[in-house]
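What the coordinates show
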Amino acid sequence: MTTVDLEQREAMFRRWAPYFLLGLSSFLALATAGLGMPADRLRIIAFALVGAALLLELSWSWIGRKYPEPGALPVVYYVIRWAISFALVLLNGFFAFYAAAGYYDTDERIPGRRARQVALFASSVPISAAQASGIPVDDGARWLVFGGLLVANNILLTIVKHFAEQQEARSQARAATITELEQAHEENAALQAQLLVQAREAGIADERRRLAAEIHDTIAQGLTGIIAQLQVVSNASDPATVKEHVGRATDLARHSLGEARRSVQNLAPAGLSYDGLPEALRKTVDQWSERTGVPAEFTLTGTAQHLHGEFSATVLRITQEALANVSKHAAATRAGVTLSFMDDEVTVDIRDDGKGFDPLALSARTGTGGFGLDGMRARAERIAGSLTVESEPGFGTAVSARLPLVLHG
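Turning to the overall build of the chain, a few remarks are in order. Helix and strand counts for the chain come out as 14 helices and five strands. Expressed as a percentage of the 409 residues in the chain, the buried residues total 34%. Put simply, the chain shows about 23900 Å² of open surface, and 62% of that area lies on carbon and sulfur atoms.

Next comes the structure, spelled out in structure tokens:
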């Protein structure tokens, strides 16, 4: 049941309860008139007071709509009703039901905490009198009974009102908590929307970096290979040698074009379109060795697994970039690539016996604008991996990438 439904039912109860209590009291008093009001004069007075009470309630139903809050006129209504109910109780104790109406509407009729306490005490007087069979006049024992009932009724009233106030305080606290939760929910919704915008912007930036790296890995490396082949052609006079290197340059151009198209379409590298990662790495190493003339060996350790496409592409791209760096900078006489599958991770190690370098002395970008080691590290970290470089001038270089073992879904 909603709060609105409860408020509507409470308003209906407050409106019709006096009529019900007056009707119930009148019925019981009439049924016991022979015992409680044997004299005709008393019955006439009772009928007149009941009529006055009914007229009062009808008038207040019309006038009281304008006075929903405590004030002077509601106090007048409360006092007149109390006086009528007290007089009726003196005639017949069953009219105490009507007097009990003063218990439940004190808060909306009487202003001020002390005044409400006085009103509740006043309402308990006719009820205690009914319980004591009337106001005692000259009977000391009945005065004691009346006083005890008055005290008992007010103690009960105090206890009930205390629990009602606690319940009201809890209800207000719950309402305040609900309001705070609604505000927090609205703030969370706004924050979530902001985070979505930030995530979208971060995704766009990450996608730009990915495309930049992909283009570098495909077009830049391909052009580098083509330039190397054409440089050989420019210094060669043997037609067979020229034809061989021109053919390699043509193959590199076609391969780079295909890679560029696939990179833009956010697909896996071409080598992974038809082969698994180990076979794609083996072909990459063989083609690199054939193109550069540097002997290179591929080694697979562990049981090969079908990796998730993004992870396979990352391993292949890191290997391609590392081999490209070897051919451009290392002056190596031998290179090796090892792919290792372990229980919860996969690693790729690229080694060469070249001239080496000091990793701490490197700039963020190469002199030609390439992504170099920083680009490889960014690729690994993007999928929760890591990249380490071990090198020393004159003692070669070892690049190792470690990635979590995430299998293809």
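We are not done yet, so read on.
With respect to the helices and strands, Arg116 occurs in helix H8 (residues 113-131). Arg116 sits in the partly exposed class, given a relative accessible area of 23%. Distance in space between the C-alpha atoms of Arg116 and Asp105 is 9.9 Å, their sequence separation being 11 residues. Look past the residues within four positions of Arg116 in its chain and what remains in contact with it is Pro70, Thr106, Asp107, Ile110 and Pro111. Polar side-chain contacts of Arg116 include one of 2.7 Å to the backbone oxygen of Ile110.

As a further point, take the packing of helix H13 (residues 309-330) against helix H14 (residues 372-382). Where H13 meets H14, the closest approach of the two axes is 10 Å, and the angle between their N-to-C directions is 165°. Regarding the angle of H13 to H14, the classification is roughly antiparallel. The handedness of the crossing between H13 and H14 comes out as left-handed. On the side of H13, the interface is formed by Glu310, Thr314, Arg317, Ile318, Glu321, Ala322 and Asn325, while H14 contributes Gly372, Met376, Arg379, Ala380 and Arg382. Grouping the constituent residues of the contact of H13 with H14 by class yields four nonpolar, three polar and five charged.

On average, residues of the chain score 80 in pLDDT, and 81% of them reach the 70 mark or higher. Confidence drops under a pLDDT of 50 for residues 364-370, and excluding neighbours within four residues, the segment shows six contacts in the predicted structure.

Here we take up the packing of aromatic side chains. Overall, the coordinates contain three aromatic pairs when judged by the stated rule. A centroid spacing of 4.6 Å and a plane angle of 5° characterise the contact between Trp60 and Tyr77, whose relative ring orientation is stacked. With Trp60 in helix H3 (residues 40-63) and Tyr77 in helix H4 (residues 72-91), the pair connects residues that are 17 residues apart, well separated along the chain. Each of the two residues, Trp60 as well as Tyr77, counts as buried. Taking the centre distance of 5.2 Å and the plane angle of 35° together, the rings of Trp82 and Phe86 count as tilted. Remark: Phe86 and Trp82 occur in helix H4; sequence separation between them is four residues, near one turn of the helix.

With that out of the way, let us pick up the nonpolar core. One finds Leu277, Leu339 and Leu387 to be the most contacted residues of the largest nonpolar core, which totals 35 residues. At the level of secondary structure, the elements contributing two or more residues to this core comprise helix H12 (277-292), H13, strand S2 (335-341), strand S3 (345-352), H14, strand S4 (386-391) and strand S5 (397-404). If near-sequence neighbours (up to four positions away) are discounted, Leu339 is found in contact with Leu277, Pro278, Leu281, Phe298, Thr299, Leu300, Thr301, Val315, Val346, Thr347 and Val348. Formed by 23 residues, the second largest nonpolar core is a distinct cluster that contains Val125, Ile127, Phe146 and Leu150.

On to the side chain of Ser312, then. Along the chain, Ser312 turns up in helix H13. Judged by its relative accessible area of 7%, Ser312 falls in the buried class. In contact with Ser312, not counting residues within four places along its chain, are Leu272, Leu277 and Leu307.

Further remarks concern H12. Taking 1.5 Å of rise per residue, the 16 residues of H12 would be expected to cover 22 Å, and the 22 Å separating its terminal C-alpha atoms lies within 8% of that figure. Every buried residue of H12 is listed here: Leu277, Pro278, Ala280, Leu281, Thr284, Val285, Trp288 and Ser289. Looking straight down H12, one finds its buried side chains confined to an arc of 165°; they lie on one side.

Rules used throughout
- Residues numbered from 1 in each chain as written.
- Predicted model: local features only at pLDDT ≥ 70, side-chain atom pairs only at ≥ 80, totals over all residues.
- Heavy atoms only, no water.
- Helix = DSSP H or I, 4+ residues; strand = E, 2+ residues; numbered from the N terminus.
- Buried < 20%, exposed > 50% of the residue type's maximum accessible area, 1.4 Å probe, protein only.
- Areas by Shrake-Rupley, 256 points an atom, 1.4 Å probe, with all protein chains shown as cover.
- Contact = heavy atoms within 4.5 Å.
- Polar contact = N/O pair within 3.5 Å; in protein donor to acceptor, adjacent residues only side chain to side chain.
- Axes fitted to C-alpha atoms, helices over the stretch in contact; angles between N-to-C directions.
- Parallel < 35°, antiparallel > 145°, perpendicular 65-115°, else oblique.
- Left-handed = near helix turned anticlockwise from the far one by under 90°.
- Nonpolar A, V, L, I, M, F, W, Y, C, P; charged D, E, K, R; others polar.
- pLDDT = per-residue confidence, 0-100.
- Phe/Tyr/Trp six-rings, centres within 6.5 Å; stacked < 30°, edge-to-face > 60°.
- Core = buried A, V, L, I, M, F, W, Y, C linked by side-chain atoms within 4.5 Å.
- Expected span 1.5 Å × (residues − 1).
- Arc of directions from axis to C-beta.

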